[in-house]
Amino acid sequence: MLPSPRGRPSSARRARRRRTAAAAAAMTAALVAFCPSSAAGPVTAADPPPPAPRGIGDRLFPYLGNPGYDVTAYDIALRYHGNDRPLDGVTTLRARATALLRTFNLDFAHGTVRSLRVDGRPARFARAGEDLVVTPARPVRDGAPFVVTVAHTSDPSGSGGGWVRTRDGLAMANQADAAHRVFPCNDHPSDKARFTFRVTAPANLTVVAGGTPLGRTREGGSITWRYRLAHPMATELAQISIGRSAVLHRTGPGGLPVRDVVPAADRERLARWLRRTPGQLEWMEKKVGPYPFETYGVLIARARTGFELETQTLSLFESGLFTTSGMPSWYIESIMVHELAHQWFGDSVSPRRWTDLWLNEGHATWYEALYGDERGKMPLERRMRLAYRQSDAWRATGGPPAAPAPADPDQQIGIFRPVMYDGSALVLYALRQRIGPAAFERLERRWVRRYHDGVASTADFVRLASQVAGRDLSGFLRPWLYGRTTPGMPGHPGWKPDAAASGQAVTEAGGRADGGADGKADGGADGKAGGKADGKADGKADGKADGKPG
């Protein structure tokens, strides 16, 4: 995720973000037949203890994810009635138990549950915070596969992430903790699964989702569109777009299908930006290796989200970034590269815990910065020097890169602070300074190859870096990742934190970090801003750096 820039990058103003959405659950009358309503069924086991929310112990999101099972696949069927009305839905999860399950939890909020079945039998369910506590008719044995079918509604009104209402439909923005406001799930990036989407909408609208199309069928005045992702995906990365859209096709490196989704009325206006994607894909493949998925494209929405987002195979962008931001072309392109880089770093290789988020945002910011450097627009060393000057301030307000401070309860995207952007890219720059560019490039390629379609942690990265370098780097990386102050930069003994710049960064970040997202925006901004704060002078570049999105 990267905060959307506002105004020209040389401006002192900061990006602010605003996440709209609402989520979670519901089933349609047309889908009721598929999953008959039955809120409770006979239970042979003893009555369970009072329902309570559970989690997998993530420090930043303690109630996200659920122990006891691993989801292997989601089938999500939705019926759209307009962007101001709840969608009807049926979500089917296929999972495997990792313990004996007399009860288990699903993450789900902001929706009405009409019925719930486990292996075809009606099951009891109860609300507990943002969890559904499920008691199956029969306990699920350890190691056994099982199927959960939930008939529910999914409400696009309200705020807090999930659905984003556009001028003529909906899009999805689930990062970091909002997928369960759209559909019942195990809402943590460590539990990746295969996804299939089936979305029914009026025939005058176009539905596009992540992955590749499986076909569509017409029934009366409606069309049902089907999509499937060929690779496992974290719930936060799901994307569905519904609206009056044009779908544009082109070819990327090696024949890769490239599919862009834009407001039909803006097709010509946005064409010049969409033509950049194949070249950006080629550039990234030269840096880290083959693109990891079956397709890629850009989804441009007429909405104000405050950020851009790396939804898997179909990155989400605000239309205003391209039409009204006033940013230079090279800066906008580098933001496009930021979200593209996430397809490798964050999507294919997902964080084991949210405290590993720096691996996502630090790498995306790194390649964004490298792109600007190679195009002669913003020297990498200058941007890193600006980030170094503000790094202590970012750490003071947001924590170090690998041990970020929790967000406020009502601003969960507040974890996307400046330290996650340029502050984390600075760690990668220090590492490259220490082991050399050739070893650093080998590390990057090996990282995305080894953990392809999986999850990885900060400890995994330190371990692999040490293997590639041929020496233990844990002592070097520990203070960079966990220190409250920024270590000295290898090769740049004269670099020092700037007290004046730090003060400014703290003020702006604090104000910016209006939250996570804000933070993000901040982050972006702060990251970018890093640049920015300094940047004012640093101009757009900084601005850029500072204003990044996700």
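Look up a bit, the structure's there.
Starting from 1, residues in each chain are numbered consecutively following that chain's sequence as written. Reporting of local features is limited, given that this is a predicted model, to residues whose pLDDT is at least 70; pairs of side-chain atoms are given and counted only at 80 or more, and all residues count toward the totals for whole chains, interfaces and linings. Here the side-chain values reflect all heavy atoms present in the structure, with hydrogen atoms and water set aside.

## Some points on the sheet that holds strand β5 (residues 104–107)
Two strands in a sheet stick together by hydrogen bonds in their backbones, pointing the same way (parallel) or opposite ways (antiparallel).
Here is step 1: Two strands pair if DSSP finds at least two bridges between them. Helix and strand assignments come from DSSP, with helices taken as H or I runs of at least 4 residues and strands as E runs of at least 2, each series counted from the N terminus. Reading across the sheet, the three strands line up as β5-β9-β8 and stay open at both edges, with antiparallel pairing between neighbours. Whereas interior strands pair on both sides, the edge strands pair on one side only; in this sheet they are β5 and β8 (124–128). Taken over all neighbouring pairs, the strand axes of this sheet differ in orientation by 30 degrees on average, direction set aside.
Here is step 2: Across four bridges, β5 lies against strand β9 (residues 131–135) in antiparallel orientation. Counterpart to Leu 106 in the pairing with β9 is Leu 132. All axes here are fitted lines through C-alpha atoms, helices being fitted over the stretch that makes contact, and every angle between N-to-C directions spans 0 to 180 degrees.

## Topic: the pattern of salt bridges
Here is step 1: Within this document, salt bridges are pairs made up of a side-chain nitrogen of Lys or Arg and a carboxyl oxygen of Asp or Glu, the two lying within 4 Å of each other. Inspection of every chain in the model, using the stated rule, returns 14 salt bridges.
Here is step 2: Among the salt bridges present, the one from Lys 287 reaches Glu 374, with a minimum N-O distance of 2.5 Å. Note that Lys 287 is positioned in helix α3 (residues 277–288) and Glu 374 in helix α6 (residues 357–374), a separation of 87 residues in sequence.
Here is step 3: Buried means the residue's accessible area, taken with a 1.4 Å probe over protein chains only, is under 20% of the maximum for its type, while exposed means over 50%, and partly exposed covers the values in between. Taking the relative accessible area as the measure of exposure, Glu 374 reaches 40% and is therefore partly exposed.
Here is step 4: Notably, a salt bridge pairs Arg 304 with Glu 318, separated by 3.9 Å at the nearest N-O pair.

## Quick word on helix α9 (residues 437–450)
Since the α-helix packs 3.6 residues into each turn, any two residues three or four apart lie on the same face.
Here is step 1: In this model α9 runs 20 Å from its N-terminal to its C-terminal C-alpha over 14 residues, within 8% of the 20 Å that 1.5 Å per residue would give.
Here is step 2: All of the buried residues in α9 are Ala 439, Phe 440, Leu 443, Glu 444, Trp 447 and Val 448. One side of α9 holds all its buried residues, which, seen down the axis, span an arc of 160 degrees. Among the exposed residues of α9, those oriented more than 90 degrees off its buried face are Ala 438 and Arg 449. Helix span is expected to be 1.5 Å times the residue number reduced by one. Directions from the helix axis toward the C-beta atoms define the arc.

## Remarks on empty space enclosed by the protein
Here is step 1: Grid spacing is 1 Å over the protein atoms alone, the probe is 1.4 Å, and a cavity is where that probe fits but cannot get out, while a pocket is an open set with protein on both sides within 12 Å along at least five of seven lines and lining residues have an atom within 4 Å of a point. Grid points are joined across faces, edges and corners, and a volume is the space filled by probe spheres set on the points. Taken as a whole and assessed by the stated rule, the structure comprises two cavities of 30 Å³ or more.
Here is step 2: What the largest cavity holds in volume is close to 40 Å³.
Here is step 3: Around the largest cavity sit Phe 345, Gly 346, Val 349, Ser 350, Pro 351, Leu 359, Asn 360, Trp 447 and Ala 456, which together line it.
Here is step 4: Breaking the lining of the largest cavity down by element, the ones donating at least two residues are β23 (349–351) and α6.

Structural measurements only, silent on function.
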